[in-house]
Amino acid sequence: MFRKLLSSLLFLSVAAWSAPLFSDQTLPEDSINVEYFITNTTFEDTLEIDALNNPTELSPFIVLGEIFGFNGFIWAWDRYVLDKDYARTGPSYWKRNFKEGWEWDHNHWAINFYGHPYQGSVYYNLARGAGYGFYASLLFSAIGSYTWEMFAETEYPAPNDLIATSIGGAVYGEVLYRLSRKFYGVDESSWYNQVGAFGISHAAYLQRKVFGNRDGITGNTPMDLSIFLGTGSHFGNIYRYGGRNEDDLDQRWDDKHVMYGAEIEYGKPFRKVKRPFDYFTLFTRGEVGPDGTLFQLDVTGKLMNAGVHGRGHWVDFATYLDYCTFYGDFATVGTISIGTGIDFSLWLLPSLRFRMYHQIYFILLGTTDMGYDDLIREVHPDYESNMDNYQYNMGAKYVLGIEVLIGKKFRIKNKTIVDALHTIPGSLPHYGADGWDMLLMNHASMEYDLTDKIAMGGRLDAYAKIAAYSSEFFEPMSRGVFAYTLYFSYKLF
């Protein structure tokens, strides 16, 4: 056994140094350990290779016309049907926008970090469904966002909206596009698959229906999708202000809760990424209880990679684009980040696999509301809590994941996420506090497969937040909450 461990570590060492030089080389898949399954379906095994090598994009003027038409329709609906004040724009506002420039806005957090990215995904998928790739579609999304900000509202154009709509829209858009393609595949599918494809990404679906299919690959990419449901309890509520415990300042969070969620792994982690998001993961989870709720959504996609794999082992170096939100009574945090990382896996024994991945990110745009409402009221008695009082931030993010597979049915996973964010100057809301915010999360779980489709598991989640502001009114604040949950998961495919 000791020799096997040394051999595996030697393999990883050689692979780590040789990956950049031999990024296109892999060991034959037919030599892989029988305990480890790798699908033989590659991206090139799908249809219409000649068409893929010679893409037939629609004219960019058609796509731009659709984007401007979509903006015009939304503006007209807001102006003449909903009669919104912000839609009463015109030449005087357009002149002001070009003359006076951009300002951070503090619209409702869910609008800025869920609504705007979804709007951006429509721009994105009008281009993506027209045959354009990831980066070209991102550019179209940015154009759609820019024209909306400059011409469709009475509010000042906001840099946070431009970033969230264009980059967030590209993340949302690519994920929705690929999930939609899974429904109807390369060929025509049943009517209910067509309905599902339209519902997930209506813009790309309509482009395909009107102008024809321009993508023979993404509908054939392998994907795992599981949903889960469980129940548990929060415990261990810890709240500190400055150097002392201040449990009386905050509501206890020791309730029972219901947990729900879903997890998607699209593609294979050891495959060569030929197009951005050929591999991505999506994780969403919520907890609902009488004392509080939270909702987490994390999407991470590979932009490019280099690595080697064989005999069930792999080492992979990659750049990533990450979109993460954490929303609820404990804290409200959102991050759009770009980073790099290493992912390696090896079979220590024929029935024991170990995987570890490290990722470090630069946060292009972050938002934080750490829930210090009670402290603000001590300084500003007239303060009322709402979802508009959040900071805009930049900073760093670190992710460490460990997975252990024992046999074919038992899995142990642990994932640690650390967000460190500092307020962007000039972006404070009315009652803001400049300084550092940190959110730390640790998710540990054990799962056992009862059948091929159903698994039973238990998990322990830990949440901690730290706020350290440059103000004479606010001392450092921290809070920690734990939760355990028993759940069942069902593998859809």
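Quick note: structure is the one above.
All chains use their own residue numbering, which begins from 1 and follows the written sequence. Local features in a predicted model are, by the rule used here, given only for residues with pLDDT of at least 70; side-chain atom pairs are given and counted only at 80 or more, and totals for whole chains, interfaces and linings are based on all residues. Side-chain measures here rest on the full set of heavy atoms in the structure, leaving out hydrogens and waters.

Focus on the side chain of H443
1) Next: Its place among the elements puts H443 in strand 11 (residues 435-449).
2) Next: Here a polar contact is taken to be a pair of N or O atoms separated by no more than 3.5 Å, where protein atoms must pair a possible hydrogen donor with a possible acceptor and residues adjacent in sequence count only if both atoms sit in side chains. A distance of 2.7 Å separates a polar atom in the side chain of H443 from a polar atom in the side chain of D461.
3) Next: Pairs of residues are marked as contacts when any of their non-hydrogen atoms sit within 4.5 Å. Setting aside chain neighbours within four positions, we find H443 in contact with R285, Q296, K413, N414, K415, R459, L460, D461 and Y463. Helix and strand definitions follow DSSP, with helices as H or I runs of at least four residues and strands as E runs of at least two, each counted in order from the N terminus.

Re the packing of helix 8 (residues 191-200) against helix 9 (residues 202-211)
1) Next: Remark: helix 8 packs on helix 9, axes separated minimally by 5 Å, with the N-to-C direction vectors making an angle of 125 degrees. Viewed along their axes, helix 8 and helix 9 adopt a mutual orientation that is oblique. Side by side, helix 8 and helix 9 meet where Q194, A197, F198, G199 and I200 of the first sit next to H202, Y205, L206 and K209 of the second.
2) Next: Of the residues assigned to the contact of helix 8 with helix 9, the class counts are five nonpolar, three polar and one charged. Every axis corresponds to a line fitted to the C-alpha atoms, with the helix fit spanning only the stretch in contact, and the corresponding angles, defined between N-to-C directions, vary from 0 to 180 degrees. Orientation is classified from the angle alone, with under 35 degrees giving roughly parallel, over 145 giving roughly antiparallel, 65 to 115 giving roughly perpendicular, and any other angle giving oblique. Under the grouping applied here, Gly and all other residues not named as nonpolar or charged are polar, the nonpolar ones being Ala, Val, Leu, Ile, Met, Phe, Trp, Tyr, Cys and Pro and the charged ones Asp, Glu, Lys and Arg.

A short note on the nonpolar core
1) Next: The biggest cluster of nonpolar side chains holds 28 residues, and the ones touching the most others in it are F134, V175, I264, F277, F280, L282 and V299.
2) Next: Secondary-structure elements contributing two or more residues to this core are helix 5 (109-128), helix 7 (159-184), strand 1 (223-241), strand 3 (256-266), strand 4 (280-289), strand 5 (292-310) and strand 6 (313-328).
3) Next: Take this core: its biggest share by element is six residues, from helix 7.
4) Next: Dropping the residues within four chain positions of it, V175 is found in contact with F277, F280, L282 and V299.
5) Next: By convention a nonpolar core is built from buried Ala, Val, Leu, Ile, Met, Phe, Trp, Tyr and Cys residues, the set being connected through side-chain atoms within 4.5 Å. Categorising residues by exposure relies on relative accessible area from a 1.4 Å probe, with only protein chains included: less than 20% of the type maximum marks a residue as buried, more than 50% marks it as exposed, and the intermediate range marks it as partly exposed. Core analysis: the next-biggest nonpolar cluster, separate from the first, contains 26 residues, F330, V399, Y463 and A467 among them.

Some points on the packing of aromatic side chains
1) Next: Whether two aromatic rings pair depends on their centres lying within 6.5 Å, for rings of Phe, Tyr and Trp, where Trp uses its six-membered ring; planes under 30 degrees apart make the pair stacked, over 60 edge-to-face, and the rest tilted. Counted according to the given criterion, the structure contains 32 aromatic pairs.
2) Next: Centroid distance Y266 to F280: 4.7 Å. Interplanar angle 10 degrees. Geometry classified as stacked. Linking Y266 in strand 3 with F280 in strand 4, this pair joins segments that are 14 residues apart in sequence.
3) Next: Take Y266: its relative accessible area is 0%, and that puts it in the buried class.
4) Next: Assessed through its relative accessible area of 0%, F280 is described here as buried.
5) Next: Through a chain of ring-to-ring contacts, three or more aromatic side chains come together here, namely W109, F113, Y114, Y172, F295, Y323 and Y327.
6) Next: Lying across the ring of Y279, K302 places its NZ or CZ 4.9 Å from the centre.
7) Next: Either the NZ atom of lysine or the CZ atom of arginine qualifies as a charge over a ring when it sits within 6 Å of the ring centre and within 35 degrees of the ring normal. In this arrangement the basic side chain of K397 is found over the ring face of Y361, its NZ or CZ atom lying 5.9 Å from the centre.

Things to note about the pairing of strand 11
1) Next: For two strands to count as paired, DSSP must find a minimum of two bridges between them. Bridge count between strand 10 (residues 410-423) and strand 11: 13 bridges; the pairing is antiparallel. Directly across from D419, in strand 11, lies its bridge partner L439.
2) Next: Examined bridge by bridge, strand 11 and strand 12 (residues 454-469) share 15 bridges and lie antiparallel to one another. Looking across to strand 12, one finds that D437 is bridged to A467.
3) Next: Count of turn residues in the strand 11/strand 12 antiparallel hairpin: four residues.

Some thoughts on the packing of helix 5 against helix 6 (residues 134-151)
1) Next: Packing of helix 5 against helix 6 leaves a shortest axis separation of 8 Å and a crossing angle of 135 degrees. Judged by the inter-axis angle, helix 5 sits oblique to helix 6. By crossing handedness, the relation of helix 5 to helix 6 is classed as right-handed. For the pair helix 5 and helix 6, contact is made by Q119, G120, Y123, Y124, A127 and R128 and by F134, S137, L138, F140, S141, G144, S145 and W148, respectively. Each crossing is labelled by how the near helix is turned from the far one, with a counterclockwise turn of less than a right angle marking it left-handed and a clockwise turn marking it right-handed.

Re helix 9
1) Next: Residues of helix 9 that are buried: A203, A204, Y205, Q207 and R208.
2) Next: For helix 9, the elements touching its buried residues are helix 3 (60-81), helix 5, helix 7 and helix 8.
3) Next: Downstream of helix 9 by a residue or two, G212 has a phi angle that is positive, lying close to 95 degrees.

Some words on a nonpolar patch on the surface
1) Next: On the surface, I227, Y448, L450, I454, M456, F488, Y490, L492 and F493 cluster together into a nonpolar patch covering about 800 Å² of accessible area.
2) Next: Of all elements in the fold, only strand 12 and strand 13 (477-491) reach the threshold of two or more residues within the nonpolar patch.
3) Next: Within the secondary structure, L450 sits in the loop between strand 11 and strand 12.
4) Next: Classification of L450 by relative accessible area gives partly exposed; the value is 42%. A residue counts toward a patch only above 30% relative accessible area and without a salt bridge, and it is joined to like-charged neighbours within 9 Å or, for Val, Leu, Ile, Met, Phe, Trp and Tyr, to nonpolar neighbours within 5 Å. Each accessible area is a Shrake-Rupley estimate made with a 1.4 Å probe; only the visible protein chains count as cover when residues are assessed. One side-chain nitrogen of Lys or Arg within 4 Å of one carboxyl oxygen of Asp or Glu is enough to make a salt bridge.

A word on the environment of D329
1) Next: The residue D329 is located in the loop between strand 6 and strand 7 (332-349) in this model.
2) Next: C-alpha separation for the pair D329 and L294, spaced 35 residues apart in sequence, amounts to 6.3 Å.
3) Next: Once you skip the residues sitting within four places of it in the chain, D329 turns out to touch G292 and T293.
4) Next: Within the structure, the side chain of D329 is placed 2.7 Å from the backbone nitrogen of T293, a separation counted as a polar contact.

Let's talk about the pattern of salt bridges
Pairing between side chains becomes possible if they bear opposite charge and their charged atoms approach one another.
1) Next: Applying the stated rule across the entire model yields 17 salt bridges.
2) Next: A salt bridge links D83 to R88; the nearest nitrogen and oxygen atoms lie 2.3 Å apart.
3) Next: Residue classification places D83 among the partly exposed positions, given a relative accessible area of 43%.
4) Next: Note that R285 is salt-bridged to D461, the shortest N-O span being 3.8 Å. With a gap of 176 residues between them, R285 in strand 4 and D461 in strand 12 connect regions that are remote in the sequence.
5) Next: In this structure, a network of salt bridges that share partners links the residues R128, E174, R178, R275 and D278.

From the geometry alone we can't say anything about function, so treat these as descriptive.
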